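Listed below, chain by chain, are the residues.
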Amino acid sequence: MLRMTQSDGELDSLVRKRIRALRVAQGWSLEELASRARLSQSTLSRIENGQRRLALDSLVTLARALDTTLDQLVETASDDVVVSPMIDAAHGLMRWPVKGDPGMSVVRQRMTEPPPDNPARMRAHPGREWLVVLSGTAILMLGHRRFRVETNQAAEFPTMLPHAIGAEGGPCEILGIFDRDARRGHQRPDGGADAGADAGSGARDGVGDGPRA
């Protein structure tokens, strides 16, 4: 049997609720999940309702059927659910690490200048970036194309294309999410982050910049 160590069966209850929540999210009935996990419907019902002990072999089978892993099925919430940002006030940057994937970061930045006119100042590097405009209007330069991204609109693009982003018609604020490769692509050789097309200009040659080290 799976040995539960949290007091009062908190982990036991969490795992049962998680199994049911994942099943419901897939739109599956008890019968359908039981069939996929090669369990009887009554066994699955008793597992979800707390009327049957959680056996390790059953959990492994259920995790596979629910397209997850045993570790994810039994993991507990960490103490640091709320994470404060690292702030680079000089460049208007706030950056949050993504705990589940340390290679990813979330960045919030206010921009005031348009993207650079000189194509030589556009960046290209491995990775992908995603952004949403929180306020104002952003201009995304992507290769030879120019995109206007309005408030509440989002853009996702491969960063192997030369790219730059800036504001149009006044300040704008964006929230960007970028993977490890995109983040590295914006690191300066001295280990800091290149936060803009010009230092303090408020325009950015890319979305995935973090605060200075």
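Coordinates for the structure precede this section.
Once a new chain begins, its residue numbering starts again from 1 and follows that chain's sequence as written. For a predicted model such as this one, the threshold for reporting local features is a pLDDT of at least 70, and the threshold for listing and counting side-chain atom pairs is 80 or more; totals across whole chains, interfaces and linings nevertheless cover every residue. Side-chain numbers come from the whole structure's heavy atoms, not from hydrogens or water.

Q: Would you mind showing me how to read the layout of surface pockets here?
A: Sizing a probe to match a water molecule and rolling it over the atoms shows the empty space that remains. Cavity: a set of points on a 1 Å grid over the protein atoms alone where a 1.4 Å probe fits but cannot get out. Pocket: an open set with protein on both sides within 12 Å along at least five of seven lines, its lining residues, like those of a cavity, having an atom within 4 Å of a point. Grid points are joined across faces, edges and corners, and a volume is the space filled by probe spheres set on the points. Here the largest pocket defines a volume of roughly 210 Å³. Lining the largest pocket are 13 residues; nearest its centre among them are P116, D117, P119, M122 and M141. Counting from the N terminus, the helices are DSSP H or I runs at least four residues long and the strands are E runs at least two residues long. Elements that contribute at least two residues to the lining of the largest pocket include exactly β5 (138–142) and β6 (145–149). Each residue gets one of three labels, nonpolar for Ala, Val, Leu, Ile, Met, Phe, Trp, Tyr, Cys and Pro, charged for Asp, Glu, Lys and Arg, and polar for the others, Gly among them. Split into classes, the residues belonging to the lining of the largest pocket amount to eight nonpolar, two polar and three charged.

Q: Quick question: what am I supposed to make of the sheet that holds strand β4 (residues 128–135) here?
A: Within a sheet, neighbouring strands are paired by backbone hydrogen bonds and run either parallel or antiparallel to one another. One open sheet accounts for six strands, arranged β1-β2-β3-β9-β4-β7; its pairing is antiparallel. Strands with a single pairing partner mark the edges of an open sheet, and in this sheet they are β1 (86–88) and β7 (154–158). Averaged over all adjacent pairs, the angle separating strand axes in this sheet is 20 degrees, with direction ignored. Relative to strand β9 (residues 172–178), strand β3 (residues 105–111) is paired through seven bridges, and the arrangement is antiparallel. Of the residues in β9, the one forming a bridge with M111 is C172. Being paired, for any two strands, means DSSP has found at least two bridges between them. Interaxial angle, 0 to 180 degrees, is taken between N-to-C directions of lines fitted to C-alpha atoms, where a helix line uses only the stretch in contact.

Q: What exactly am I supposed to notice about the sheet that holds β5 here?
A: Taken together, the three strands give an open sheet; going across it, the order is β6-β5-β8, and neighbouring strands pair in antiparallel fashion. Each end of this open sheet is capped by a strand with a single partner; those strands are β6 and β8 (163–167). Taking the axes of each pair of neighbouring strands and ignoring which way they run, one obtains an average angle of 20 degrees across the sheet. Looking at chain direction, β5 and β8 are connected through five bridges and run antiparallel. In the sheet register, A138 faces β8, and the bridge partner there is A167.

Q: Could you clarify how one ought to interpret the pairing of β7 in this entry?
A: Looking along a regular strand, one sees the side chains alternate between the two faces of the sheet. Only one face of β7 is covered, namely the face carrying A155 and F157; the face carrying A154, E156 and P158 is uncovered. Bridging between β4 and β7 involves five bridges; their strand directions are antiparallel. Residue pairing in the sheet places W130 in a bridge with E156 of β7. Buried residues are those whose accessible area, probed at 1.4 Å on protein chains only, stays under 20% of the maximum for their type, while exposed residues exceed 50% and partly exposed ones sit between those limits.

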